[in-house]
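# What the coordinates show
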Amino acid sequence: MYYLNLLKEQIKLSFMSVAIFRANFALMLLQSIINSVLGVLCVEFIYLHVDSIAGWSRNEMIILYCTSMIVNQLYRGLINPNHMNFIGSVSSGSFDRMLIKPISIIFQINTGSIDYSSFLSLIAPIVILCWKISSLDVSIPRLNVILFLVFLINAVILLTSFMMLLYSFAFKHVRVYGLTGIYFILMSISEKPREIFSYKAVMYAFVFLIPSVPLANVPASLLLSKGNVPETIAAAVSGMLFFLLSTVAIKKGMRSYSSASS
Amino acid sequence: MRKYLYSFKLYLLASLQYRFDTVLGLIMSNISMLITIFFWIIIYRSNGTGEINGYSIADMITFFVMSSLFRTFILSSGGFEISDMIKSGELGKALIKPHSISMFLYWKHLSNALFEFLKQFSFLLLVVPFFARYLTWDLSVPSAVLVIIYLVTATVISHLLWLLLGMMAFWLEQAQAVMWSFAVILNFLSGMFIPLDFFPRWSVRVLELMPFAAFSYIPAKLYMNQLSVAEGAYLLMVHILWIFVLMALNQMVWRAGTKKYSAVGG
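This is a predicted model, so every value here is computed, not measured.

So, on to the overall build of chain A. Looking only at helices and strands, chain A features 13 helices and zero strands. Overall, chain A shows an N-to-C arrangement of helices and strands of α-α-α-α-α-α-α-α-α-α-α-α-α. Here the C-alpha radius of gyration of chain A, 19 Å, is about what a compact globule of 262 residues would show, namely 18 Å. Over its C-alpha atoms, taken along the principal directions, chain A stretches across nearly 60 × 45 × 35 Å. Going through the 262 residues of chain A one by one, you find that 54% of them count as buried. Of the roughly 12,300 Å² of accessible surface on chain A, a fraction of 70% belongs to carbon and sulfur atoms. When the 18 positive and 10 negative side-chain charges of chain A are each reduced to one mean point, those points stand 13 Å apart.

Right under this line is the structure:
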């Protein structure tokens, strides 16, 4: 209950900050929507010249792309601003303030402010996804929709944990902004069909080492009845594994933290 | 001119200082390119065809390799810098200095672009022996000259375009949102994600005449010999015309903006 109240306050405060910079908010929202629409257009243009890509039809590929966008926007809207604050606080020394608060460090690293423009731009990929699902010839069973939502949550947890694991290097190397590039690569791989990895071993490397396949391929495959059991289990295990690893890494990293400002 | 060339040299030397960042950036940009190449390989394989829309697989790989190399000459940082200067009030200090801010920013960011290009080019020289057979090698001397002129043109056009957007900070509290929106559209219309000839037929000609095409699409097509020298030269005239249009627009916006500027905090 205590943490829920904290979350409620954080949501309120972030909303108040949005209300001050309304024009910027509207433009950022527009930018995110343009981003989604142009991405979909790219897929549409490729499919003007081909019928299918590695067994993915035009609508299926757009569903995959939108799934990746949903995970991306959820992370960017809810988690990324807080991760940026975290790495900034370690290099500036203001991480001290987090340490003295009677709140879990993991909670503080992942929550705080919300980027409403990124969060609300979820609407564009969700609308396109629903439209494309309705354009499919087959009906989608309810179980598939539930599995899709479960693995969408798993994807956000996995992405959050993986980035937190990377950012835990801030305790050792102080400035780790360069690592944000890995996030863009991860998202760029996630929106492409897993078939780009010809070898199974490489594919599993992109599940357990650089976890991009579980981000969009697994939920989209489950929704479209294209998924398989080993991959689904691997995605769930990967989510749990990275969550545990990142928690341990943060706790270990904190031991080596020495306030930069003092 | 000497002062601009001096700043060019200074910033080039500064770029060499952050080696870890340089290596990290090099790895990241090349992984992204590799993923795009893998994606296109799977498109060709799954369609069992050697050619899609006039592009063989070697053409497509060459297009993305060359585009990523040429894109290093897109000078966008000047726009972000001027926007920050306006917002923070720093522009006040810059205004009293005996040099043109636009020229100073151009040479500063050109040095960064040149460094990025050399870095990327050296990396390609290292890896090219391993995938030379996947690339097309059709560059003629007239095309090579035209490619170089295009790259110079691209630096000027992109600098002027981004500066224009950065100057929106004179009127907007946050010009960054406008600039990011523009960046997304620019990437799309410059053929960063897919070559422009994959767009619907009616739009290709219009897009070739737009300033974004000069950034990477036209130079890459010239390199691959998919665009004749005559056609390339004709399009170059149009892009040079764009430079004059953008210069005039920059002048107008600059004059109107500096009249409104109040150096908050500066």
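Continuing now.
The next subject is the overall build of chain B. Within chain B, the secondary structure is distributed over eleven helices and two strands. Considered along the principal axes of its C-alpha atoms, chain B spans approximately 65 × 45 × 35 Å. A separation threshold of at least 6 residues defines the contact pool for chain B, and within that pool the share at least 24 residues apart is 80%. For chain B, the exposed area adds up to about 12,700 Å²; of that, 70% sits on carbon and sulfur atoms.

This part is about the pattern of salt bridges. Residue and element names in this part refer to chain A. One pass over the structure, following the stated rule, counts twelve salt bridges over all chains. Linking K12 and E9 is a salt bridge whose minimum nitrogen-to-oxygen distance equals 3.5 Å. Placement of the pair is K12 and E9 together in helix 1 (residues 2-20), with a separation of three residues, close to one helical turn.

With the rule as written, the count across this model stands at 31 aromatic pairs over all chains. Considering the side-chain rings of A:F86 and A:F95, the 5.8 Å spacing of their centres and the 65 degrees angle between planes classify their relative orientation as edge-to-face. Accessibility classification places A:F86 together with A:F95 in one group, the buried group. Chaining the aromatic ring pairs together yields one cluster made of B:F39, B:W40, B:Y55, B:F63, B:F64, B:F198 and B:Y217. Of note, A:K132 hangs over the ring of A:W131, and the distance from its end group to the ring centre comes to 4.2 Å. Taking the ring centre of B:F39 as reference, the NZ or CZ of A:K192 above it sits at 5.7 Å.

With 14 residues, helix 3 (residues 57-70) of chain B should cover 20 Å at 1.5 Å per step; its first-to-last C-alpha distance of 20 Å lies within 8% of that length. Taken across its 14 residues, helix 3 of chain B has 13 buried, putting it largely inside the fold.

Every contact between the two is made by 32 residues of chain B and, on the other side, 32 residues of chain A. Roughly 2,800 Å² is buried in total at the junction of chain B and chain A, and carbon and sulfur atoms are behind 80% of that figure. The largest per-residue losses of area from chain B upon contact with chain A belong to B:I35, B:F39 and B:F188, which jointly make up 20% of the total buried on that side. At the boundary of chain B with chain A, the tally comes to zero salt bridges. One can count three residue pairs in polar contact (both at pLDDT 80 or more) joining chain B with chain A. Among the elements that line the side of chain B that touches chain A, the one with the most residues is helix 2 (residues 19-47) of chain B, at 14 residues. Tallied by class, residues from the side of chain B that touches chain A come to 22 nonpolar, six polar and four charged.

Moving on: the side chain of A:K192. Topologically, A:K192 is positioned in the loop between helix 10 (180-190) and helix 11 (200-208). Among the residues examined, A:K192 registers a relative accessible area of 10% and is labelled buried. With sequence-adjacent residues up to four places away left out, A:K192 is seen in contact with A:L64, A:N217, B:I35 and B:F39.

With that settled, consider the nonpolar core. Grouped together as the largest cluster of nonpolar side chains are 166 residues, with contacts concentrated most on A:I53, A:F86, A:L159, B:W40, B:V65, B:W162 and B:F199. Ranked by the residues each element gives to this core, the list is headed by helix 3 (residues 58-92) of chain A, at 15 residues. What B:W162 contacts, discounting residues up to four positions off in sequence, is B:I74, B:L75, B:S76, B:G79, B:F80, B:M179, B:F182, B:A183 and B:L186. If you look at the next biggest cluster of nonpolar residues, it comprises five residues, including A:V18, A:L29, A:I114 and A:Y116.

Right, let's get into the environment of B:M66. Residue and element names in this part refer to chain B. Mapped onto the elements, M66 comes out in helix 3. Classification of M66 as buried rests on a relative accessible area of 11%. For the pair formed by M66 and Y217, sequence separation is 151 residues and the distance between their alpha carbons is 9.1 Å. If sequence neighbours within four positions are ignored, M66 has contacts with A220 and Y223.

On to the confidence of the model for chain A. The pLDDT averaged across chain A works out to 87; a share of 99% of its residues lies at or above 70. The element-level mean pLDDT for chain A is lowest in helix 11 of chain A, coming to 78, with helix 8 (residues 142-167) of chain A highest at 95.

Residues three or four positions apart in an α-helix share a direction because the helix packs 3.6 residues into each turn. Residues and elements named next belong to chain A. Considered for burial, the residues of helix 11 that qualify are M203, F206 and V207. The arc enclosing the buried residues of helix 11, seen along the axis, measures out at 105 degrees, which places them on a common side. Where the residues of helix 11 are buried, they touch helix 10, helix 12 (213-223) and helix 13 (229-255).

This paragraph deals with the packing of helix 3 of chain A against helix 10 of chain A. Residues and elements named next belong to chain A. Packing of helix 3 against helix 10 brings their axes to within 10 Å, and their N-to-C directions diverge by 165 degrees. Considering their axes alone, helix 3 and helix 10 lie roughly antiparallel with respect to each other. Between helix 3 and helix 10 lies a crossing whose hand is right-handed. On the side of helix 3, the interface is formed by L64, S68, N72, Y75, R76 and M84, while helix 10 contributes T180, Y183, F184, M187 and S190. In terms of residue class, the contact of helix 3 with helix 10 is built from six nonpolar, four polar and one charged.

Cut-offs applied
Residues numbered from 1 in each chain as written. Chains lettered and ligands numbered in written order. Predicted model: local features only at pLDDT ≥ 70, side-chain atom pairs only at ≥ 80, totals over all residues. Heavy atoms only, no water. Helix = DSSP H or I, 4+ residues; strand = E, 2+ residues; numbered from the N terminus. Rg over C-alpha atoms; globule rule 2.2 N^0.38 Å. Buried < 20%, exposed > 50% of the residue type's maximum accessible area, 1.4 Å probe, protein only. Areas by Shrake-Rupley, 256 points an atom, 1.4 Å probe, with all protein chains shown as cover. Lys, Arg positive; Asp, Glu negative; His and termini not counted. Charge placed at Lys NZ, Arg CZ, Asp CG, Glu CD. Contact = heavy atoms within 4.5 Å. Salt bridge = Lys/Arg side-chain N within 4 Å of Asp/Glu carboxyl O. Phe/Tyr/Trp six-rings, centres within 6.5 Å; stacked < 30°, edge-to-face > 60°. Lys NZ or Arg CZ within 6 Å of the ring centre and 35° of its normal. Expected span 1.5 Å × (residues − 1). Buried area = accessible area lost by both parts, 1.4 Å probe. Polar contact = N/O pair within 3.5 Å; in protein donor to acceptor, adjacent residues only side chain to side chain. Nonpolar A, V, L, I, M, F, W, Y, C, P; charged D, E, K, R; others polar. Core = buried A, V, L, I, M, F, W, Y, C linked by side-chain atoms within 4.5 Å. pLDDT = per-residue confidence, 0-100. Arc of directions from axis to C-beta. Axes fitted to C-alpha atoms, helices over the stretch in contact; angles between N-to-C directions. Parallel < 35°, antiparallel > 145°, perpendicular 65-115°, else oblique. Left-handed = near helix turned anticlockwise from the far one by under 90°.

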